[in-house]
Amino acid sequence: QVQLVESGGGLVQAGASLRLSCAASGLTFSQYYMGWFRQAPGKEREFVAHISYSGSNTYYANSVKGRFTISRDNAKNTVYLQMNSLKPEDTAAYYCAAARTAVVTEARYSYWGQGTQVTVSS
């Protein structure tokens, strides 16, 4: 019943911006930390960012600090990832996930979306 659906990925040039969205249903959205992860071919899935229940606290991987911004709109059951100054190394499938607590390890997340592809060309 729980469903997370990502959207907003695409093909862009280095330096461009994208905003990813993740629409959640089937859960009490405000009771979950929401996170973003990414996975490139041949690499392990890595943590990108997470945001607390109300959006008051955020945490980012060092690789995206200063460039990406995570936010949420609990009225819309949606979490966002604003991605600025994109680099080729940001190319990956991006996944949103929901967790009961503030964690960065993927094993701690209860629900996952299907992913959306982001490709950054040089």
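Everything below is about the structure shown above.
Residues numbered from 1 in each chain as written. Predicted model: local features only at pLDDT ≥ 70, side-chain atom pairs only at ≥ 80, totals over all residues. Heavy atoms only, no water.

J.: How should the nonpolar core be read in this particular structure?
T.: Buried together is how nonpolar side chains tend to be arranged in soluble globular proteins. One finds Trp36, Val79, Leu81 and Tyr94 to be the most contacted residues of the largest nonpolar core, which totals 36 residues. Counting only elements with at least two residues in this core, the list comes to strand 3 (18–25), strand 4 (33–39), strand 5 (46–51), strand 7 (68–73), strand 8 (78–83), strand 9 (92–99) and strand 11 (116–121). Of all the elements, strand 9 adds the most residues to this core, at 6 residues. Not counting residues up to four positions away in its chain, the partners in contact with Leu81 are Leu18, Arg19, Leu20, Trp36, Val48, Phe68, Thr69, Ile70 and Tyr94. (Core = buried A, V, L, I, M, F, W, Y, C linked by side-chain atoms within 4.5 Å. Buried < 20%, exposed > 50% of the residue type's maximum accessible area, 1.4 Å probe, protein only. Helix = DSSP H or I, 4+ residues; strand = E, 2+ residues; numbered from the N terminus. Contact = heavy atoms within 4.5 Å.)

J.: What is the right way to read the sheet that holds strand 7 from this model?
T.: Hydrogen bonds between backbone atoms are what pair the strands of a sheet, whose relative direction is either parallel or antiparallel. In space, the 4 strands of this open sheet follow the order 1-3-8-7, with antiparallel pairing throughout. With partners counted over all chains shown, the strands left at the sheet margins are strand 1 (3–7) and strand 7, one partner each. Across the sheet, the axes of successive neighbouring strands diverge by a mean angle of 15°, strand direction being ignored. As judged from the 6 bridges shared by strand 3 and strand 8, these two strands associate in the antiparallel manner. Bridging across to strand 8, Leu18 finds its partner in Met83. (Pairing = 2+ DSSP bridges. Axes fitted to C-alpha atoms, helices over the stretch in contact; angles between N-to-C directions.)

J.: Just to check I follow, could you spell out the state of the cysteines for this structure?
T.: Defined simply, a disulfide is a covalent bond joining two cysteines at their sulfur atoms. Overall, the coordinates contain 1 disulfide when judged by the stated rule. In this model, Cys22 is linked to Cys96 through a disulfide, with the two sulfur atoms separated by 1.9 Å. Handedness of the Cys22-Cys96 disulfide follows from its S-S torsion of about 45°: it is right-handed. In this pair, Cys22 is assigned in strand 3 and Cys96 in strand 9, connecting sequence segments 74 residues apart. In this structure, Cys22 and Cys96 share a single accessibility class: buried. (Disulfide = S-S within 2.5 Å.)

J.: Explain the packing of aromatic side chains to me, please; I cannot follow it from the model alone.
T.: A ring pair, where both rings are aromatic, is described by two values, the distance of the centres and the angle of the planes. The full count for this structure, using the stated rule, is 7 aromatic pairs. Between the aromatic rings of Tyr33 and Tyr53, the centroid separation amounts to 4.6 Å while the plane-to-plane angle is 75°, which identifies the pairing as edge-to-face. Separated by 20 residues along the polypeptide, Tyr33 in strand 4 and Tyr53 in the loop between strand 5 and strand 6 (58–60) bring together distant segments of the chain. In this structure Tyr53 comes out as partly exposed when scored by relative accessible area, which is 33%. One aromatic cluster in this structure is built from Phe37, Phe47, Tyr59, Tyr109 and Trp112. Above the plane of the ring of Tyr95 lies Arg45, whose end atom (NZ or CZ) is 4.1 Å from the centre. Positioned over the ring face of Trp112 is Arg45, at 4.8 Å from the centre of the ring. (Phe/Tyr/Trp six-rings, centres within 6.5 Å; stacked < 30°, edge-to-face > 60°. Lys NZ or Arg CZ within 6 Å of the ring centre and 35° of its normal.)

J.: Help me understand the pairing of strand 5 in this model?
T.: The side chains of a regular strand alternate, residue by residue, between the two faces of the sheet. Among the 6 residues that make up strand 5, 5 are buried, leaving the element largely enclosed by the rest of the structure. Looking at chain direction, strand 4 and strand 5 are connected through 5 bridges and run antiparallel. Bridged to Met34 within strand 5 is Ile51. Adjacent in sequence and paired antiparallel, strand 4 and strand 5 are bridged by 6 residues, among which Gly42 carries a positive phi angle near 80°. Bridge analysis of strand 5 against strand 6 gives 3 bridges, and the strand direction is antiparallel. When the bridges of strand 6 are listed, Ala49 appears paired with Tyr60. Hairpin remark: strand 5 followed by strand 6, antiparallel, with 6 residues in the connecting loop; positive phi at Gly55, about 90°.

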